[in-house]
Amino acid sequence: MAVSDPVADMLTKIRNASLAKHEKVDISTSKMKLQIVKILKNEGYVKNFKKVTKDGISFIRVFLKYDDNQSPVLHGITRVSTPGRRVYTGYRDMPRVYNGHGVVVVSTSTGIITGKKATENKVGGELICTIW
């Protein structure tokens with residue numbers, strides 16, 4: 001099945017698997033998705049991830065993270081910029097997610113980074129998603 005927005009599909013798979021309390025979720029691979037998953041890992045929203053190749057098809061296996069009460073660490077993840085409506089921002093107007101408790105992922109000229117790093121590096125770009 002053709003997917004018009006692969007990043008939104010990835011975010012939805014992660015969100016649904018987390019709410020269903022799955023241990024892991026498999027996502028088709030791309031460079032952009034891999035960078036977003038690396039940010040999720042570095043910010044502590046997922047336990048780990050690894051690239052897996054099976055029958056010539058490569059995908060990313062994301063291991064989800066839960067707290068002591070088995071509730072998901074990832075409370076929400078939403079797509080900001082869509083194929084029909086791109087959202088750009090400068091480093092001075094970088095949005096804050098839940099007063100700094102969340103993370104915004106930005107695609108800049110230097111790569112896909114968090115909003116905090118984009119502000120430190122003084123680069124703006126396309127807002128990909130927010131995570132909290």
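The structure we're discussing is the one just above.
Below, the structure is looked at part by part. Since the model is a prediction, treat every value here as computed from it, not as a measurement. (Residues numbered from 1 in each chain as written. Predicted model: local features only at pLDDT ≥ 70, side-chain atom pairs only at ≥ 80, totals over all residues. Heavy atoms only, no water.)

## Description of the overall build of the protein
- Within the protein one finds three helices and eight strands.
- From first element to last, N terminus to C terminus, the protein shows the α and β order α-β-α-β-β-β-β-β-β-α-β.
- The globule rule puts the C-alpha radius of gyration for 132 residues at 14 Å, and the 15 Å found for the protein is close to it.
- By its C-alpha atoms, the protein is 45 × 35 × 25 Å across when sized along the principal axes.
- Relative to its 132 residues, the protein shows a buried fraction of 43%.
- Of the contacts made within the protein by residues no fewer than 6 positions apart, 61% connect residues no fewer than 24 positions apart.
- Here the protein has roughly 7,900 Å² of accessible surface; of this, 49% comes from carbon and sulfur atoms.
- Taken as two groups, the 22 positive and 11 negative side-chain charges of the protein have centres that lie 3 Å from each other. (Helix = DSSP H or I, 4+ residues; strand = E, 2+ residues; numbered from the N terminus. Rg over C-alpha atoms; globule rule 2.2 N^0.38 Å. Buried < 20%, exposed > 50% of the residue type's maximum accessible area, 1.4 Å probe, protein only. Contact = heavy atoms within 4.5 Å. Areas by Shrake-Rupley, 256 points an atom, 1.4 Å probe, with all protein chains shown as cover. Lys, Arg positive; Asp, Glu negative; His and termini not counted. Charge placed at Lys NZ, Arg CZ, Asp CG, Glu CD.)

## Some remarks on helix α1 (residues 6-19)
- Here α1 spans 20 Å end to end across 14 residues, near enough to the 20 Å set by a 1.5 Å rise per residue.
- What α1 keeps buried is the set V7, A8, M10, L11, I14, A17 and S18.
- For α1, the secondary structure elements touched by its buried residues are β1 (24-28), α2 (31-42), β3 (57-64), β4 (77-79) and β8 (125-131).
- Taken from the residues just after α1, K21 is the one with a positive phi, measuring 60 degrees. (Expected span 1.5 Å × (residues − 1).)

## Thoughts on α2
- Its 12 residues give α2 an end-to-end C-alpha distance of 17 Å, which sits within 8% of 16 Å, the value for a rise of 1.5 Å per residue.
- Where α2 is concerned, the buried positions are K33, L34, I36, V37, I39 and L40.

## A few points about the nonpolar core
- Of all hydrophobic cores here, the largest spans 27 residues; its most connected members are I14, L40, V62, V105 and I131.
- Among the elements of the structure, α1, β1, α2, β2 (46-54), β3, β6 (103-108) and β8 are those that each provide at least two residues to this core.
- Excluding its chain neighbours within four sequence positions, the residues that come into contact with L40 are I14, Y45, V46, L74, I77 and I131.
- Of all hydrophobic cores here, the second largest spans 10 residues; its members include V80, V87, M94 and V104. (Core = buried A, V, L, I, M, F, W, Y, C linked by side-chain atoms within 4.5 Å.)

## So, empty space enclosed by the protein
- On inspection of all chains with the given rule, the structure shows one cavity of 30 Å³ or more.
- By volume, the largest cavity amounts to about 30 Å³.
- Taken together, R15, S18, L19, L74, H75 and G76 form the lining of the largest cavity.
- For the lining of the largest cavity, the class distribution of residues is two nonpolar, three polar and one charged. (1 Å grid on protein atoms, 1.4 Å probe; cavity = no way out; pocket = protein on both sides within 12 Å on 5 of 7 lines; lining within 4 Å. Points joined across faces, edges and corners; volume = space filled by probe spheres on them. Nonpolar A, V, L, I, M, F, W, Y, C, P; charged D, E, K, R; others polar.)

## Description of the sheet that holds β2
- Spatial strand order, β1-β3-β2: three strands in an open sheet with antiparallel pairing. The sheet terminates laterally at β1 and β2, the two strands that pair on one side only. Ignoring strand direction, the axes of neighbouring strands in this sheet form an average angle of 25 degrees.
- By the bridge criterion, five bridges tie β1 to β3 in an arrangement that is antiparallel. When the bridges of β3 are listed, I27 appears paired with I60.
- Packing of α1 onto the sheet brings it into contact with β1 and β3, and relative to β1 it is tilted by some 170 degrees.
- Sitting on the sheet, α2 is in contact with β1, β2 and β3, with an inclination near 150 degrees to β2. (Pairing = 2+ DSSP bridges. Axes fitted to C-alpha atoms, helices over the stretch in contact; angles between N-to-C directions.)

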